[in-house]
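A look at the structure
Single-letter residue listing:
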Amino acid sequence: MATLYDTSIDINGVTYGIAAIDVGNSRVKIHHDDVFLSFPYDKEWKKNVQHHFRDHVQKRYIIGLSSVNHKQTTAIVKVLQRITSHLVVNAHTLLMRNNELLSLSHIENAGIDRMLGAIGAMTKASPPIITIDCGTAVTVNAVSADQQFMGGVIFAGLNTQLYGLSKQTAAIQEMKYTPLAESVGVNTTQCLMAGVTYSVVGGIQRSVEVFKDKLQFNKCGILITGGESDVIASYLSELGLKVERYPHLVTDGILSLVAHAKAIDIQDSVIKKIQ
């Protein structure tokens, strides 16, 4: 059965597949066909991206590029533009040209990752939907039955909270999140893990309750994504909140955006050569 990932697009007599790159706060993610790669911003990340698209793909791609990390955007565009067989397009430009996938008339502004995650969610479930993206920041977002992006909430993720506490509190060392060993902590580490867990899980639970009440989302799908989504989805399920986990909603959103774009909009969204 054909899927979104099988989409091909003809531009000026050349056939392209579609690919997505999400330049996040801590990692760059690549998604096309049945391939999903994620690289941290170490000294090898640019080489890894270039190596993949130069040596490990069998066709030309229109690469939809989304970024919330402006520091890394120029670097990755330069890397991709060295490989002349692919077209790199600005996902934000495409989104502004397509109100049919997601209407933005109810909001003043929103992060591109939040909007793309909503589009990706609508490839999995029919709206109204609530999306939860658990990464550096946690975002909870609402999309109405008529595909209006209604906004949402943003707060710090599990590891972001721990990092912030270590920088602002002399007695707390920097540490990574680990799932709860004890419901009530008996030492500083256990107390921290319980505290950040309850703040994030409780914040999501309360956000969902408010959305359902204020937006009259009586029956809606709740989809969760992001690097910290596995453990958070488990805790939410224990509270009786039914969530569906999809690990790649943002890149799914980019792929859907490119697949539904008009050829003229793709051409107008190609990122110009960066010297």
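For the structure, see preceding data.
In this text the structure is predicted, and so the values were computed from the model without any measurement.

Another aspect to go through is the sheet that holds strand 8 (residues 137–143). The mixed open sheet is built from five strands, whose spatial order is 9-8-7-10-11. The sheet is open, and its two borders are formed by strand 9 (149–156) and strand 11 (244–245), each paired with just one other strand. In this structure, strand 10 (residues 221–225) lies alongside strand 11, joined through two bridges in parallel fashion. Across the sheet, Ile-224 pairs through a bridge with Arg-245, a residue of strand 11. With respect to the sheet, helix 4 (residues 112–121) is in contact with strand 7 (129–134), strand 8, strand 9 and strand 10, its orientation differing from that of strand 9 by roughly 120 degrees.

What follows covers the packing of helix 6 (residues 188–214) against helix 7 (residues 229–238). Look at helix 6 against helix 7: their axes get within 10 Å of each other, and the N-to-C directions meet at 65 degrees. As judged from the angle between their axes, helix 6 and helix 7 are roughly perpendicular. Of the two possible hands of crossing, helix 6 and helix 7 adopt the one that is right-handed. Where helix 6 approaches helix 7, its residues Thr-197, Val-200, Val-201 and Ile-204 are matched on the opposing element by Ile-232, Tyr-235 and Leu-236. Here the contact of helix 6 with helix 7 is composed, by residue class, of six nonpolar, one polar and no charged.

Now for the pairing of strand 8. Walk down a regular strand and you will see the side chains alternate between the two sheet faces. Summarising burial for strand 8: six of the seven residues are buried, a large majority. Two successive antiparallel strands, strand 7 and strand 8, enclose a turn made up of two residues. One ladder, built from seven bridges, connects strand 8 with strand 9; its direction is antiparallel. Paired with Thr-139 across the bridge in strand 9 is Ile-154. Here strand 8 folds back onto strand 9, and the loop between the two strands holds five residues, one of which, Gln-147, carries a positive phi near 65 degrees.

Strand direction decides the pairing type here: strand 5 (residues 61–67) and strand 6 (residues 87–90), joined by four bridges, are parallel. Residue Ile-63 lies in a different strand from strand 6, and its bridge partner there is Val-88. Regarding topology, helix 2 (residues 70–81) serves as the crossover connection from strand 5 to the parallel strand 6, and that connection is right-handed.

With that settled, consider the side chain of His-86. Structurally, His-86 can be placed in the loop between helix 2 and strand 6. Overall, the relative accessible area of 8% leaves His-86 in the buried class. Here the side chain of His-86 touches Tyr-61 through a polar contact of 2.9 Å, landing on its backbone nitrogen. When sequence neighbours within four positions are dropped, the list of residues in contact with His-86 reads Phe-53, Val-57, Lys-59, Arg-60, Tyr-61 and Ile-63.

Right, let's talk about a positive patch on the surface for a bit. There is a patch of like positive charges on the surface, built from Lys-46, Lys-78, Arg-82 and Lys-273. By the secondary structure assignment, Lys-46 is in helix 1 (residues 45–55). Residue class for Lys-46 comes out partly exposed when judged on its relative accessible area of 40%.

A word on the layout of surface pockets. Once rolled over the atoms, a probe with the size of a water molecule shows which space is left empty. The volume enclosed by the largest pocket comes to roughly 1,000 Å³. For the lining of the largest pocket, the secondary-structure elements that each account for two or more residues are strand 3 (27–32), strand 4 (35–40), helix 4, strand 7, strand 8, helix 5 (158–168) and helix 8 (249–259). Considered class by class, the residues forming the lining of the largest pocket number 10 nonpolar, 15 polar and 10 charged. By volume, the second largest pocket is sized at about 210 Å³. Forming the boundary of the second largest pocket are 14 residues, of which Ser-66, Ser-67, His-70, Asn-90 and His-92 lie nearest the centre. Taken together, the elements giving at least two residues each to the lining of the second largest pocket come down to strand 5, helix 2 and helix 3 (91–96). A breakdown of the residues in the lining of the second largest pocket according to their chemical character gives seven nonpolar, seven polar and no charged.

This next bit is on the nonpolar core. In this structure, Ile-62, Leu-102, Leu-257, Val-258 and Ile-266 are the most contacted members of the largest nonpolar core, which totals 34 residues. Listing elements by their share of this core, those giving two or more residues are strand 1 (8–11), strand 2 (14–23), helix 3, helix 4 and helix 8. Sequence-distant contacts of Ile-266, that is, excluding residues within four places in its chain, are made with Ile-9, Ile-11, Ile-62, Val-89, Leu-94, Val-258 and Ala-261. Core analysis: the second largest hydrophobic core is formed by 29 residues, Leu-158, Val-196, Phe-217 and Val-231 among them.

Procedures and definitions
- For every chain, the first residue of the written sequence is number 1, and numbering continues from 1 onward in sequence order.
- Local features are withheld for residues below a pLDDT of 70 in this predicted model, meaning they are given only at 70 or higher, and side-chain atom pairs are given and counted only at 80 or more; totals for whole chains, interfaces and linings count all residues.
- Side-chain descriptors were evaluated using all non-hydrogen atoms of the structure, hydrogens and water having been removed beforehand.
- Here, a strand pair is defined by DSSP locating no fewer than two bridges between the strands.
- Strands are runs of DSSP state E lasting at least two residues, helices are runs of H or I lasting at least four, and both sets are numbered from the N terminus onward.
- Whether two residues are in contact is decided by their heavy atoms: any pair within 4.5 Å suffices.
- Here an axis means a line fitted to C-alpha atoms, over the contact stretch when the element is a helix, while the angle between two N-to-C directions is reported on a 0 to 180 degree scale.
- Here roughly perpendicular refers to angles of 65 to 115 degrees, roughly parallel to angles under 35, roughly antiparallel to angles over 145, and oblique to all remaining angles.
- Should the near helix be turned anticlockwise from the far one by less than a right angle, the crossing is termed left-handed; should it be turned clockwise, right-handed.
- Following the grouping adopted for this structure description, the nonpolar residues are Ala, Val, Leu, Ile, Met, Phe, Trp, Tyr, Cys and Pro, the charged ones are Asp, Glu, Lys and Arg, and the polar ones are all others, Gly among them.
- Only protein chains enter the calculation, and the probe is 1.4 Å; a residue is then buried if its accessible area is under 20% of its type maximum, exposed if over 50%, and partly exposed in between.
- A clockwise course of the path from the first strand over the helix to the second, judged with the strands pointing away from the viewer, identifies a crossover as right-handed.
- In protein, a polar contact means a hydrogen-donor-capable atom and an acceptor-capable atom, both N or O and within 3.5 Å, with residues adjacent in sequence counting only if both atoms are side-chain atoms; elsewhere, any N or O pair within 3.5 Å suffices.
- Patch definition: residues above 30% relative accessible area lacking any salt bridge, with like charges linked at up to 9 Å and the nonpolar side chains Val, Leu, Ile, Met, Phe, Trp and Tyr linked at up to 5 Å.
- The protein chains shown are the only cover counted for residues, whose accessible areas, like all others here, come from Shrake-Rupley with a 1.4 Å probe.
- Here a salt bridge means any side-chain nitrogen of Lys or Arg lying within 4 Å of a carboxyl oxygen belonging to Asp or Glu.
- In this tally, Lys and Arg are treated as positive and Asp and Glu as negative; His is ignored, and so are the chain termini.
- Lys charges are placed at NZ, Arg charges at CZ, Asp charges at CG and Glu charges at CD.
- Both site types are read off a 1 Å grid over the protein atoms alone. A 1.4 Å probe that fits but cannot get out defines a cavity, while an open set with protein on both sides within 12 Å along at least five of seven lines defines a pocket; lining residues have an atom within 4 Å of a point.
- Grid points are joined across faces, edges and corners, and a volume is the space filled by probe spheres set on the points.
- Nine residue types can take part in a nonpolar core, namely buried Ala, Val, Leu, Ile, Met, Phe, Trp, Tyr and Cys, and a core is a set of them joined through side-chain atoms within 4.5 Å.

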